[in-house]
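Given next are the chains, with one letter for each unit.
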Amino acid sequence: EDKVESFARTDRWVEGSEGLVQVLKGEKFNFHTFEAQVMLKEAASRGKSATVKEFLQAGVPLEPLPVPKAREPYMAVRFENVGWLNTASRYPDCLKLLIDAGASKSDQSDKDLALVNAAGSGSVMAARMLMDYGANPNVDLDTLIIKESGGTSRTAKGFGSVLISARSEE
């Protein structure tokens, strides 16, 4: 089984490893879709910086695109409401690529939530990048709005400050 998976390079599809974008280009995949954005976020959430770079070079838009209607009401769309920076917050290389591309430049909530995750993961480099990009280390996380599926939102109750939140993740 492992030999077949290795030969077929299924890691490209499962993990978003190098070569995925080239295969998608060969299939005439449309990189200007919500599906492409989800793939980019998936690669960023796994720390696949080469794949993130390839998706960005392929022209995946960083402005939010409409979420396609789910085939079944119980089916959630992965990363539907997760910001660009938040998906990459634990991986400085991916985070830098997204910041350099201008991701979430005017989305303060994404910057601040990404800072919480970077601090919680112990990534000082990612935390510094986010603060340099405008994340607020003094934000009261009780005031942050988290978007949920269906267009609803809620506040991030119970987190307090970035440092308290990072400490509580230990």
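Because the structure is a prediction, the values reported are computed rather than measured.

A.B. asks: Even after reading the chapter, I still don't get the pattern of salt bridges, so can you show me in this structure?
C.D. replies: Any two side chains of opposite charge can pair, so long as their charged atoms come close to each other. Going through the model one piece at a time under the given rule, you end up with two salt bridges. Asp100 is the partner of Lys96 in a salt bridge, and the nearest nitrogen-oxygen pair spans 2.8 Å. A residue pair is termed a helical-turn pair when its members lie 3 or 4 positions apart in one helix, as Lys96 and Asp100 do in helix H7 (residues 92-100) at four residues. For Lys96, a relative accessible area of 44% translates into the label partly exposed. By relative accessible area, which is 56% here, Asp100 ends up exposed.

A.B. asks: Explain the environment of Asp112 here, please?
C.D. replies: With respect to the element layout, Asp112 can be found in helix H8 (residues 108-121). In this structure, the C-alpha to C-alpha distance between Asp112 and Val139, residues 27 residues apart in sequence, is 7.3 Å.

A.B. asks: Quick question: what am I supposed to make of the packing of helix H5 (residues 49-57) against H7 here?
C.D. replies: In a packed pair of helices, the relevant descriptors are the angle between the two axes and the axis-to-axis distance. Where H5 contacts H7, the two axes come as close as 9 Å, and the packing angle between them is 15°. The orientation of H5 relative to H7 falls into the category roughly parallel. Considering how the two elements wind past one another, H5 and H7 form a crossing that is right-handed. On H7, the residues that touch Ser49, Val52, Lys53 and Leu56 of H5 are Asp93, Cys94, Leu97 and Leu98.

What counts and how
Residues numbered from 1 in each chain as written. Predicted model: local features only at pLDDT ≥ 70, side-chain atom pairs only at ≥ 80, totals over all residues. Heavy atoms only, no water. Salt bridge = Lys/Arg side-chain N within 4 Å of Asp/Glu carboxyl O. Helix = DSSP H or I, 4+ residues; strand = E, 2+ residues; numbered from the N terminus. Buried < 20%, exposed > 50% of the residue type's maximum accessible area, 1.4 Å probe, protein only. Axes fitted to C-alpha atoms, helices over the stretch in contact; angles between N-to-C directions. Parallel < 35°, antiparallel > 145°, perpendicular 65-115°, else oblique. Left-handed = near helix turned anticlockwise from the far one by under 90°. Contact = heavy atoms within 4.5 Å.

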